[in-house]
Structure formats: C-alpha cells, structure tokens
There are 2 protein chains.
Amino acid sequence: MPTMTERVNALLAELLGGSCPAVLFDAMRHAVLVGGKRIRPQLCMAAAEAVGGRMEDALYPACAIELLHSYTLVHDDLPAMDNDAVRRGAPSVWAKYGEANAILAGDALQALAFRTAVRAPRNAERIAAAIAEAGVGVVQGQVADLAGGDADFILRHKTADLFVAAAEMGALAGGGNDDDVARLREYALSIGIAFQLEDDLLDGDSPNPAGDARRAIDELTAAAVAALDGLPGDVAPLVAMAERLAERKS
Amino acid sequence: MPTMTERVNALLAELLGGSCPAVLFDAMRHAVLVGGKRIRPQLCMAAAEAVGGRMEDALYPACAIELLHSYTLVHDDLPAMDNDAVRRGAPSVWAKYGEANAILAGDALQALAFRTAVRAPRNAERIAAAIAEAGVGVVQGQVADLAGGDADFILRHKTADLFVAAAEMGALAGGGNDDDVARLREYALSIGIAFQLEDDLLDGDSPNPAGDARRAIDELTAAAVAALDGLPGDVAPLVAMAERLAERKS
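Parameters and conventions
- Residues numbered from 1 in each chain as written.
- Chains lettered and ligands numbered in written order.
- Predicted model: local features only at pLDDT ≥ 70, side-chain atom pairs only at ≥ 80, totals over all residues.
- Heavy atoms only, no water.
- Least-squares fit on C-alpha atoms with pLDDT ≥ 70 in both.
- Contact = heavy atoms within 4.5 Å.
- Core = buried A, V, L, I, M, F, W, Y, C linked by side-chain atoms within 4.5 Å.
- Buried < 20%, exposed > 50% of the residue type's maximum accessible area, 1.4 Å probe, protein only.
- Helix = DSSP H or I, 4+ residues; strand = E, 2+ residues; numbered from the N terminus.
- Lys, Arg positive; Asp, Glu negative; His and termini not counted.
- Salt bridge = Lys/Arg side-chain N within 4 Å of Asp/Glu carboxyl O.
- pLDDT = per-residue confidence, 0-100.

### Re the relation of the copies chain A and chain B
Then comes step 1: Once chain A has been moved 0.0 Å along the axis and rotated by 180°, it coincides with chain B to within an RMSD of 0.0 Å. Such a turn and shift between the copies fits a two-fold axis. Within chain A, Glu125 of chain A has its C-alpha nearest the rotation axis, a separation of 2.7 Å.
Then comes step 2: Counting the interface residues of chain A, we find that 100% of their copies in chain B are interface residues as well, pointing to one common contact surface.

In structure tokens form, the structure reads like this:
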C-alpha cells in the first residue's frame, strides 16, 4: 500500500503530466517534483481525518496547496526577488529554464493549484474560496517582508496563510462543520507562525533572542494542540506534527 | 443608471480596495484601473444575457476575467519578458513600482481573480473550474509564443482561452444549459482568434499577407455569429461585439 505522501506525489506527477509546450511542463515538474517535504499536504489530509473524514477525500486539496506553495518558491527565487540559483540542492527554476519561463511556470502552477482545489469531492466552492484567499494573503506577506513591514503581519501571512488554508480545505473536504473548521484554522495558524519562527532560528536571522523565539515556539505548539480539543476524529497525527515541526533541525 | 461597464469598474475598484501593504494594492490598482476597454467583461455579461439570464448575475465572473487578463499584462511587460516600460500610455507596473512588486502584484491579481470568480451567484464551482482552466491555457499560449511554437496553438491559447472562459462563465452565471455553453464557447473561440489576428495586423507583425488575414477575420466573425443560433436570450449585443472587434482600429 502506498503511503498518503506517496499518493500525493503520484497525483502531483499526474497533474503535471502535460507536454505542450514541453519547457513549461518540464519547469513546472522541476519546481514541484524535485524534493519537498509535503508538510502542507500532510496537514491538509490530517485535518480531514481530525474531523472524522477520510484522508483520501482531501487528496486534491492537498495537492492544490502544494502546487500553490511551489509557485511561491519559484517566484521567490527569481533574480528580482531573492536571487537564489539553488533550491533543495538543485538549480532553481529560473537558473535552469530562464527567467521568463520561471515567471510563467509559477503563474501556471498557481492556476493549476486552483484547478486542482475545485476537484475536491465535496465543499469544492468553499475550498476554492479558501485557497484563493490564501493566494492573496501569501503575497501580502511577501510584499510586507520585502518592504520591511510589521513583523506580526509578515508572520501571519507569509507562511501561516498557507497552513491555515491547508487545514481549512482538509476539514471541508473531510465533511467537517464550521466549529471543526474554526478549530483547525486556529491550530494551523499557531503551527504556521511557529514554523516561520523556527525557520528564522534555523537560518540564524531571527529578529528575537534565541531564547525568546524558542519560548514562543513552545507556547504556540501548546496552543495548537489545545485548539484540537473537541474535534470528532483522530487528532493524534496533528499532535505529532505540531511537536515534530517545533523540534525540526532543517 | 450606471452602464454595465461602469458597474464593472466600480466593482473592480471595490475588489482592489485593500491597503496592506499599500504598495501592493497601489500596484494592483494601477494595473487594472488605469485604462482597459473591458472587452472580456462585456463578453461575459453579454453571454449571460444570451442564455436568457441577467447581466448582473455575471458581474463577479466579469470582474474575475478582467483581473486575470490584467495580471497577464503585468507579467508580459516585465523586463525578462517583453520589457515594456509603457502600457496604455502610462508607466507599466514594473516601471512604476519595481520588478519584484510587479511580479507579486501580478501573482495577487491572479489569486484575486479566482477569489472573485467563486463569488458568482450560481454555478460557482463550474465557473471556478473554467477560469482556472483558462489560467493554465493562457500561460501555455504565452510560453509557446516565446518559444516560437506552432502558430495555431498560440492563437488558440494566448488570447482565445480568456475569451472562451469569459463566455462560458457568463453563460453559467446566467443559468445556461450545456448546449448554450457549447455555443458560446464556439462563438468566443472564433472571435478570440479573430481578435488576435486583428492585433497582429494592427501591430504590423502578421505572419500572413494582410489580405489573407483579413479574409480569415471575416470568416471567423461569420462563424461566431452563426454559432449564436439557437440561444434562448438576446444575442444582438454579441453580434454587434463580433462585428465591432473585426473592424476595430486600435
């Protein structure tokens, strides 16, 4: 039996199976299929389980959020942005396929993300709204980051918006009610902010003393776990995910 | 009474009313609200009328397709793409707000387009699927154009995909059935290809002798009008639009 992450990877490969023009789909596949820990898809599918649904029901939304995440990385790496020629140990998309193709591959990945979200087997309309909302929010966070804006705003939007959308889409795909959705959004907001604080610590560019950041991460992780209280399904995978993310080393 | 185009412009201004971060929304407003003939929104609303629905029902999809179209222009103008510093007699978005902000403003416009499409009062799920499909197709056309690909493929996707989606979304928002949708897609495909041929003629970079292109435009316009046969609503605005586009001077 393939694991759920293997099923996500298989569906991503299928969704990216186009060939016309070849360079576009090659660039899109390079962006999505070379590496990636699939944290957001796992969150999405675990949210479906936490509301008592089946992980399978969240497969399309799970792939959609990974496509959206991937497009943001492709555009972040561009020379006009972070100017990163390497991503996950391989050439970044622009370094391999040129700037114009990287801009366009990112654009197509965003469209494909929405196309994929709409394929959810239930609540597709609300799921589409959630991912589109996150699509705007993540750019707000990125622009605020480039402009040296408010640190809380950046934390809230740059990373956490995609976590929140992943959890909300999973809850909706799993058939959760509005209370379930609210609980899972709260969980995801906390682990999303903790994830970014952890990233800053690992990169050595935390704006806070390391001790302060570590304390904030622990408090957010506890708050995330507390938010799961009252959900009807199995929350153990989400508890484990919150703890794993708080302790990660890369 | 405001005209429908005035209502589109008012709704676009409302949808783009955000302010955080200011530079992002300023850039997005500049991209959408400075000029633009609103051809695609008019097509979308006229399609709703052609199936016997109300133009008002297609207001959100009409704005959505204009937001999508606007993002493609923002990205097309980038230095790595067409390197155009001027658009509609004003500085292009990158020339005014910088390259990074232009990439990100385009990204946010695409997300906002999907967010707006999902707000259609009926058939939102199919409408979301149609615009996302077009979002992928338009990039395929653009990459093929940059790579010097097949001329028919470029014509089909680079321009016509957005026309087809505009018509399909309007038909769905107006409550049309599958036959109505098919007729309006056929109409839009023909005028979309004619529109691009006309563009190439006006720009003086038609790959065909002018007489051949003119003949093709006339044939496509006639085919478009013929495709409207059998629709239950008022098709006069679509007939007029097909003729107006075939004879435009800019």
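### Things to note about the nonpolar core
Then comes step 1: Residues Leu43, Leu184 and Tyr187 of chain A together with Leu43, Leu184 and Tyr187 of chain B are the most contacted members of the largest nonpolar core, which totals 164 residues.
Then comes step 2: Residue contacts for Tyr187 of chain A: discarding those within four places in its chain leaves Leu43, Ala224, Val225, Ala227, Leu228, Leu238, Met241 and Ala242 of chain A.

### Examining the side chain of Arg40 of chain A
All names here are of chain A.
Then comes step 1: As for its position among the elements, Arg40 is in helix H3 (residues 39–50).
Then comes step 2: Salt bridges are absent for the buried Arg40, whose nearest opposite-charge side chain, Glu66, sits at 4.9 Å.
Then comes step 3: Not counting residues up to four positions away in its chain, the partners in contact with Arg40 are Ile65, Glu66, His69, Leu162, Phe163, Ala166 and Phe195.

### Let's talk about the confidence of the model for chain A
Then comes step 1: Looking at chain A as a whole, the pLDDT averages 95, with 100% of positions reaching at least 70.
Then comes step 2: Interface confidence for the predicted complex, given as ipTM, is 0.97, next to a pTM of 0.97.

### Regarding unusual backbone geometry
Residue and element names in this part refer to chain A.
Then comes step 1: Note that the residue after Cys20, namely Pro21, is joined by a cis bond; omega there is -5°.
Then comes step 2: Relative to the helices and strands, Pro21 resides in the loop between helix H1 (4–15) and helix H2 (22–33).
Then comes step 3: A positive phi angle, near 55°, is found at Asn83, a position not held by glycine.
Then comes step 4: Relative to the helices and strands, Asn83 resides in the loop between helix H4 (59–76) and strand S1 (86–87).
Then comes step 5: Owing to a relative accessible area of 46%, Asn83 belongs among the partly exposed residues under this scheme.
Then comes step 6: A positive phi angle, close to 55°, is found at Arg88, a residue other than glycine.
Then comes step 7: Tracing the backbone shows Arg88 in the loop between S1 and strand S2 (90–91).
Then comes step 8: Classification of Arg88 by relative accessible area gives partly exposed; the value is 35%.

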